[in-house]
Amino acid sequence: MKEYSIGMALFDLVPVILFTIGSVILQREFYERMTKGPFALFAAGTIDIAAAGFCKALYKFLYATGICDFNCLSVMFFPFQSIGFLLAGISMISLLRKKTGMVTKVYSVAPVAPVLWKGTFLFVGLMVGGLGLMDFTLIKLCIEDKKKKIIPLFIISFICSLAMGYLSSKDFSKNSMNWIAEIINSAGQCAFMLGAMFFHKKETVENKEVKE
């Protein structure tokens, strides 16, 4: 018996909304920086992540309200979100390496990887790896663009994601464990959103100063 409350199910939407806002801001930022292929992967990956999170929150809400136990929405969470993080993370490589011969080969192989192995820890690994690529690239861009004050936000986001990876091995049928996970996840996604906002906003201000 799963201990999902309606309040917890609704709170589950908070990190989804925070991530969605942050990813949309970064999509606007990288639209000009990335070529069409990598940007398409980044957009598809971040949309996939947000959709997976929404489906998980919807599952908890349907279960908590007693409407139905649509377990498919819960089961699809890890595969969908891990692939999303993988695609988004790989797309960021294009910002580190302009000559994308090697990157193109990685693009063609990576989406097939989740089909070859099954298991929660594999999906957690893909999520952490993809997010690690994202945060590493964002930190490198902050250094190159002289925005070092924003770096701690992306570090906090990554640490919270690592904590979520650890918590994934715990019993999430308990309401208390879900609250702990959602609070940590919300803190991480809030840091990610703020980092994206400050990164994009500062770049916009600098561009205006250059034009003037």
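Computed from a predicted model, the values in this text were never measured in an experiment. Residue numbers run consecutively from 1 along every chain, following the written order of its sequence. Residues qualify for local features only when their pLDDT is at least 70, as the model is predicted, and side-chain atom pairs are given and counted only at 80 or more; totals for whole chains, interfaces and linings, by contrast, use all residues. Side-chain figures throughout are based on the complete set of non-hydrogen atoms in the structure, without hydrogens or water.

Caption draft 1: The overall build of the chain, seen in detail. Secondary structure assignment for the chain yields 11 helices and zero strands. Where helices and strands are cited, they refer to DSSP runs of H or I of at least four residues and of E of at least two residues respectively, numbered from the N terminus. Overall, the chain shows an N-to-C arrangement of helices and strands of α-α-α-α-α-α-α-α-α-α-α. Should any heavy atoms of two residues lie within 4.5 Å, those residues are counted as being in contact. For the chain, long-range pairs separated by at least 24 residues make up 76% of all intrachain contacts whose partners lie at least 6 apart in sequence.

Caption draft 2: Inspection of the pattern of salt bridges at higher detail. We count a salt bridge whenever a side-chain nitrogen from Lys or Arg sits within 4 Å of a carboxyl oxygen from Asp or Glu. Summed over all chains, the structure comprises six salt bridges. Of the charged contacts in the structure, one is a salt bridge between Arg 33 and Glu 29, with a shortest N-O distance of 3.3 Å. Taken together, the positions of Arg 33 and Glu 29, both in helix 2 (residues 13–33) and four residues apart, correspond to about one turn of that helix.

Caption draft 3: Spatial organisation of the packing of helix 3 (residues 36–64) against helix 5 (residues 77–91). Axis geometry follows a simple rule: fit a line to the C-alpha atoms, using only the stretch in contact for helices, then measure angles between N-to-C directions, giving values from 0 to 180 degrees. In contact at an axis separation of 7 Å, helix 3 and helix 5 are set at 155 degrees when each is read in the N-to-C sense. Taken together, the axes of helix 3 and helix 5 lie roughly antiparallel to each other. Our pair here, helix 3 against helix 5, has a crossing hand that is left-handed. Note on element contacts: helix 5 touches helix 3 through Phe 77, Phe 80, Gln 81, Ile 83, Gly 84, Phe 85, Leu 87, Ala 88 and Ser 91, opposite Pro 38, Leu 41, Phe 42, Gly 45, Thr 46, Asp 48, Ile 49, Ala 52, Gly 53 and Lys 56. Only Asp, Glu, Lys and Arg are considered charged, only Ala, Val, Leu, Ile, Met, Phe, Trp, Tyr, Cys and Pro nonpolar, and every remaining residue, Gly among them, polar. Within the contact of helix 3 with helix 5, the residues separate by chemical class into 11 nonpolar, six polar and two charged. Orientation categories follow fixed angle ranges, with anything under 35 degrees roughly parallel, anything over 145 roughly antiparallel, 65 to 115 roughly perpendicular, and all other angles oblique. Take the far helix as your reference; a near helix turned counterclockwise from it by less than a right angle gives a left-handed crossing, and one turned clockwise gives a right-handed crossing.

Caption draft 4: Helix 5, seen in detail. Each residue after the first adds 1.5 Å to the expected span of a helix. Its 15 residues place the ends of helix 5 21 Å apart at the C-alpha level, agreeing with the 21 Å of an ideal helix rising 1.5 Å per residue. Among the 15 residues of helix 5, 11 are classified as buried, and the element is accordingly described as predominantly covered. A simple rule labels every residue: compare its accessible area, found with a 1.4 Å probe on the protein chains alone, to the largest value its type can have, and call it buried under 20%, exposed over 50%, or partly exposed in between. Of the residues making up helix 5, those classed as buried are Phe 77, Gln 81, Ser 82, Gly 84, Phe 85, Leu 86, Leu 87, Ala 88, Gly 89, Ile 90 and Ser 91.

Caption draft 5: How the structure looks around the environment of Cys 72. Considering the arrangement of structural elements, one finds Cys 72 in helix 4 (residues 71–75). Sequence separation between Cys 72 and Lys 56 is 16 residues, and the spatial gap between their C-alpha atoms is 9.4 Å.

Caption draft 6: Spatial organisation of unusual backbone geometry. Here Lys 146, not a glycine, exhibits a phi torsion of approximately 60 degrees, which is positive. Along the polypeptide, Lys 146 turns up in the loop between helix 9 (120–144) and helix 10 (151–167). Judged by relative accessible area, Lys 146 falls into the exposed class, the value being 71%.

Caption draft 7: Spatial organisation of helix 3. A rise of 1.5 Å per residue sets the reference length of helix 3, with its 29 residues, at 42 Å; its end C-alpha atoms lie 42 Å apart and thus fit the reference within 8%. Gly 66 lies just past helix 3 and shows a positive phi near 80 degrees.

Caption draft 8: Spotlight on the side chain of Ser 74. Mapped onto the elements of the fold, Ser 74 is located in helix 4. The class for Ser 74 is buried, based on a relative accessible area of 14%.

Caption draft 9: Here's a closer look at the packing of aromatic side chains. Aromatic rings from Phe, Tyr and Trp, taking only the six-membered ring of Trp, are treated as a pair when their centres fall within 6.5 Å; an angle between ring planes under 30 degrees marks them as stacked, one over 60 as edge-to-face, and anything in between as tilted. Within this structure, the stated rule accounts for seven aromatic pairs. Ring geometry for Phe 77 and Phe 78: centres 5.4 Å apart, planes at 65 degrees, overall edge-to-face. Judged by relative accessible area, which is 15%, Phe 77 ranks as buried. Joined through ring pairs, the aromatic side chains of Phe 19, Phe 85 and Phe 192 make up one cluster. One cation-aromatic arrangement involves Lys 147 over Phe 199; the distance from NZ or CZ to the ring centre is 4.1 Å. Each ring is checked for a lysine NZ or an arginine CZ that lies within 6 Å of its centre and within 35 degrees of its normal; such an atom marks a charge sitting over the ring.

Caption draft 10: Examining the nonpolar core more closely. Definition of nonpolar core: a set of buried residues of the types Ala, Val, Leu, Ile, Met, Phe, Trp, Tyr and Cys, connected through side-chain atoms within 4.5 Å. Membership of the largest hydrophobic core comes to 27 residues, with the highest contact counts inside it found for Leu 26, Phe 30, Phe 42, Met 92 and Met 134. Elements that contribute at least two residues to this core include exactly helix 2, helix 3, helix 5, helix 9, helix 10 and helix 11 (175–211). Sort the elements by how many residues they give to this core and helix 9 lands first, with six residues. When near neighbours in sequence (up to four residues on either side) are disregarded, Met 92 contacts Phe 30, Met 34, Phe 42, Leu 133, Met 134, Thr 137 and Leu 138. Within the second largest apolar cluster, seven residues are counted, among which are Tyr 4, Met 8, Tyr 59 and Leu 73.

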